[in-house]
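As a plain string of letters, each chain reads:
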Amino acid sequence: MVHWLQHETGGLLLLCAASIAVLLFLIIKVKLEPFIALLVSGLALALAAGLSVEEIVGTALSSKESVLEKGFGGLLGHIAPIVGLGTILGAVLERSGGADVLTRRLLGVAGERGAPLAMGLAGLIFGIPVFFDVGIFVLAPLVYITARRGGRSLVLYALPLLAGLSMTHAFLPPHPGPVAAAGLLEVPLGWLIVFGLICGIPAFLVSGVAWGAWIGKRVFVEVPEEYVTAETEKEKDEAEPEPSLALVGLIIAIPLVLILLATFGTVWWEDSPALPTLTFLGNPVVALTIAVLLAMYLLGIRRGVPAAELSDLATRSLRPIGMILLVIGGGAFFGAVVSATGVGKALATTLSDAGLPVIVLAYLIACGLRLAQGSATVAIVTTGGIVAPLVKDHDYSDPHVALIAIAISAGSIIASHVNDGGFWIISRYFNMSVRDTLKTWTVLETILSVVGFATAALLSTFI
């Protein structure tokens, strides 16, 4: 039986489908932590496909790297420092009041009529260094104040903000999903930044600005009085002056610019003596370390924040990412099993016969996993593991692989509904019923997903 499964395409695909079904059952029905569910389903697939114990977990006498070690160590070694440094950078920017400065300045420039767009731009810019839910916690009070002063529905101001935060969280480093996708598909982060912006900005404009303006006039949600407190509206203590907008923008931009210069330096300055320096500074870990150190000094120490407080801030900000990293590691192990068992090659053969492009398959798998179990991170790492062998079997350029990563990320955010924790955060923070959240936020995420994928798929036909 095992012999047949190892050599027959249909058997391997059946095993892969069964392992995904087990994964979804454990997460949805058993309510098992996704990290453990990924481990169990990955181990089950490896054993069912006939991999030896030595291949799966190694032995004391073996020097060969096991699938378990390769899956966890390979990806986590790549993304853990990036996600950790990005988290600290976001925490320092939040502590400094950078979000308040950015949002108020944008509102001042945009005026009353442009306030929804200003909220969207605030989410777009501040969403680069901070997690999605942190962005909501920090910026929601500013949305309450703006909606109350404007006298219009809270939805009109909240949706552009949410679209900006969701777009950066789904498509741009240093967020865990895009970084994990880049690691699994082995594509430079610079290309992911470029195509994340190219595909993400139109999606943001359609979902957050156009859809937000339309539905915001049809779903009226009041700002609850308990959300707008004196604490929310009071001015900051003059003893702690706010940072300048230029400084906040500079610190957010530094790592992105350095990474981009390193990515394209090999094309533009191939023979330049400066290339080794650009390559070093543009390594994502080095670039983010520079940004974090600058933020700690310019936004912290220079403004009177004790070093001990900054150290405590960094420690506290890192606590929530432990399980995220474990989930990503579990997904990487599942992907390593898919590769080792030959499922990837079997899938490639089936696709070649069916004529289905890899980018379309990647999007559809991510959509299915997202709809079934709710977690965007699980959808990304599981899909990345399944698709990675297909990418390796084709002679795709880095830009094309980056577009496949964008497609996976786009699929991972489609149709947020009641099995997604973010759905309930938004419902609570923006005073919406389940029905109103489905009519506004769920549709927004679907538009963001479809437009982002459509742009990536279109670009892939020319690259």
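What you see is a predicted model; the values in this text were computed from it and never measured.

Participant: Before we go on, may I ask you to explain the environment of R113 in this structure?
Facilitator: Structurally, R113 is set in the loop between α6 (98-110) and α7 (115-126). Of the residues examined, R113 reaches a relative accessible area of 80% and is grouped as exposed.

Participant: Sorry, what's going on with the confidence of the model for the protein here?
Facilitator: If pLDDT is low for a region, its predicted coordinates should not be looked at in detail. Of the residues in the protein, 90% have a pLDDT of 70 or more, and the chain-wide mean is 86. In this model residues 1-7 is a low-confidence stretch, pLDDT under 50, and it forms eleven contacts with partners more than four residues away in sequence or in other chains. Long-range and interchain partners of residues 230-238, a stretch whose pLDDT sits below 50, account for ten contacts in this model, where long-range means more than four residues apart.

Participant: I tried to follow helix α19 (residues 358-373) on my own but got confused; where do I start?
Facilitator: Residues spaced three or four apart along an α-helix point in a common direction, a consequence of the helix completing one turn every 3.6 residues. With 16 residues, α19 should cover 22 Å at 1.5 Å per step; its first-to-last C-alpha distance of 23 Å lies within 8% of that length. A positive phi of about 90° marks G374, the residue just after α19.

Participant: Where do I start with the side chain of S207 in this structure?
Facilitator: Note on placement: S207 falls in helix α11 (residues 189-216). The class for S207 is buried, based on a relative accessible area of 0%. The residues touching S207, leaving out its near neighbours within four places in the chain, are A163, G212, L444, I447 and L448.

Participant: Is there a simple way to explain the environment of V343 in this structure?
Facilitator: Residue placement: V343 occurs in helix α18 (residues 343-354). Counting along the chain gives 331 residues from V343 to L12, while the straight-line C-alpha distance between them is 5.4 Å. Beyond its immediate stretch of four places on either side in the chain, V343 contacts L12, C16 and V338.

Participant: Help me understand the nonpolar core in this model?
Facilitator: Soluble globular proteins tend to bury their nonpolar side chains together. Of all hydrophobic cores here, the largest spans 158 residues; its most connected members are I404 and F430. Excluding residues within four positions of it along the chain, F430 makes contact with I136, A140, V143, Y144, L154, A158, L161, L162 and V221.

Participant: In this structure, what is going on with the pattern of salt bridges? I would like to understand it.
Facilitator: Side-chain pairs of opposite charge can arise whenever the charged atoms involved come near each other. The final tally for this structure, using the stated rule, is five salt bridges. Linking R95 and E309 is a salt bridge whose minimum nitrogen-to-oxygen distance equals 2.9 Å. Within this pair, whereas R95 is found in helix α5 (residues 67-96), its partner E309 is found in helix α16 (residues 307-318), the two being separated by 214 residues in sequence. We classify E309 as partly exposed; its relative accessible area is 31%.

Participant: What is the right way to read a positive patch on the surface from this model?
Facilitator: A surface patch of positive charge is lined by R113, R152, K217 and R218. Structurally, R152 is set in the loop between α8 (132-150) and α9 (154-171).

Participant: Whenever I open this one, the packing of α9 against helix α23 (residues 434-460) confuses me. Can you help?
Facilitator: Packed helices, taken two at a time, are described by the angle their axes make and the gap between the axes. Following both chains from N to C, one finds α9 and α23 inclined at 40°, their axes separated by 10 Å at the closest point. By the angle class used here, α9 and α23 are oblique. Two packed elements cross with a definite hand, and for α9 against α23 that hand is right-handed. Counted together, V155, L159, L162, A163, S166, M167 and F171 of α9 and T440, W441, L444, E445, L448 and G452 of α23 form the full contact between these two elements. The residue makeup of the contact of α9 with α23, split by class, is nine nonpolar, three polar and one charged.

Participant: I keep staring at the packing of aromatic side chains and nothing clicks. Help me out?
Facilitator: Each aromatic ring pair is summarised here by two numbers: the centre-to-centre distance and the angle between the ring planes. Inspection of the entire model under this criterion finds eight aromatic pairs. Between W211 and W214, the aromatic rings sit 5.5 Å apart at their centres with planes inclined by 25°, giving stacked as the arrangement. Placement of the pair is W211 and W214 together in helix α11, with a separation of three residues, close to one helical turn. With a relative accessible area of 15%, W211 lands in the buried category. Each member of the aromatic cluster is reached from another via a ring pair, and the members are W191, F195 and F264.

Participant: Sorry if this is basic, but what is going on with the layout of surface pockets here?
Facilitator: Any empty space left between atoms is shown by rolling a water-sized probe over those atoms. Of the voids in this model, the largest pocket is the one considered here, and its volume is about 1,100 Å³. Considering the residues around the largest pocket, the lining is formed by 47 residues, among which F131, F132, D133, H169 and I324 are closest to the centre. Here the residues of the lining of the largest pocket are counted per class, giving 23 nonpolar, 16 polar and eight charged.

Participant: I'm lost on unusual backbone geometry in this one. Help?
Facilitator: Trans peptide bonds make up the majority, and among non-glycine residues the majority have a negative phi. Here the residue pair P173 and P174 is connected by a cis peptide bond, since its omega of 10° sits within 30 degrees of zero. Note on placement: P174 falls in the loop between α9 and α10 (176-185). Even without being glycine, K31 reaches a positive phi, approximately 65°. On the secondary structure map, K31 appears in the loop between α2 (9-28) and α3 (34-48).

Participant: I tried to follow empty space enclosed by the protein on my own but got confused; where do I start?
Facilitator: In the structure shown here, the tally under the stated rule is one cavity of 30 Å³ or more. Its boundaries defined by the atoms lining it, the largest cavity holds a volume of some 90 Å³. Lining the largest cavity we find 14 residues, and of these P173, P174, P255, L256 and L288 sit closest to its centre. Elements represented by at least two residues in the lining of the largest cavity include exactly α5, α11, α13 (245-268) and α15 (284-298). For the lining of the largest cavity, the element with the highest residue contribution is α13, accounting for four residues.

The rules behind each value
Residues numbered from 1 in each chain as written. Predicted model: local features only at pLDDT ≥ 70, side-chain atom pairs only at ≥ 80, totals over all residues. Heavy atoms only, no water. Helix = DSSP H or I, 4+ residues; strand = E, 2+ residues; numbered from the N terminus. Buried < 20%, exposed > 50% of the residue type's maximum accessible area, 1.4 Å probe, protein only. pLDDT = per-residue confidence, 0-100. Contact = heavy atoms within 4.5 Å. Expected span 1.5 Å × (residues − 1). Core = buried A, V, L, I, M, F, W, Y, C linked by side-chain atoms within 4.5 Å. Salt bridge = Lys/Arg side-chain N within 4 Å of Asp/Glu carboxyl O. Patch = residues over 30% accessible without salt bridge, like charges linked within 9 Å, V, L, I, M, F, W, Y side chains within 5 Å. Areas by Shrake-Rupley, 256 points an atom, 1.4 Å probe, with all protein chains shown as cover. Lys, Arg positive; Asp, Glu negative; His and termini not counted. Charge placed at Lys NZ, Arg CZ, Asp CG, Glu CD. Axes fitted to C-alpha atoms, helices over the stretch in contact; angles between N-to-C directions. Parallel < 35°, antiparallel > 145°, perpendicular 65-115°, else oblique. Left-handed = near helix turned anticlockwise from the far one by under 90°. Nonpolar A, V, L, I, M, F, W, Y, C, P; charged D, E, K, R; others polar. Phe/Tyr/Trp six-rings, centres within 6.5 Å; stacked < 30°, edge-to-face > 60°. 1 Å grid on protein atoms, 1.4 Å probe; cavity = no way out; pocket = protein on both sides within 12 Å on 5 of 7 lines; lining within 4 Å. Points joined across faces, edges and corners; volume = space filled by probe spheres on them.

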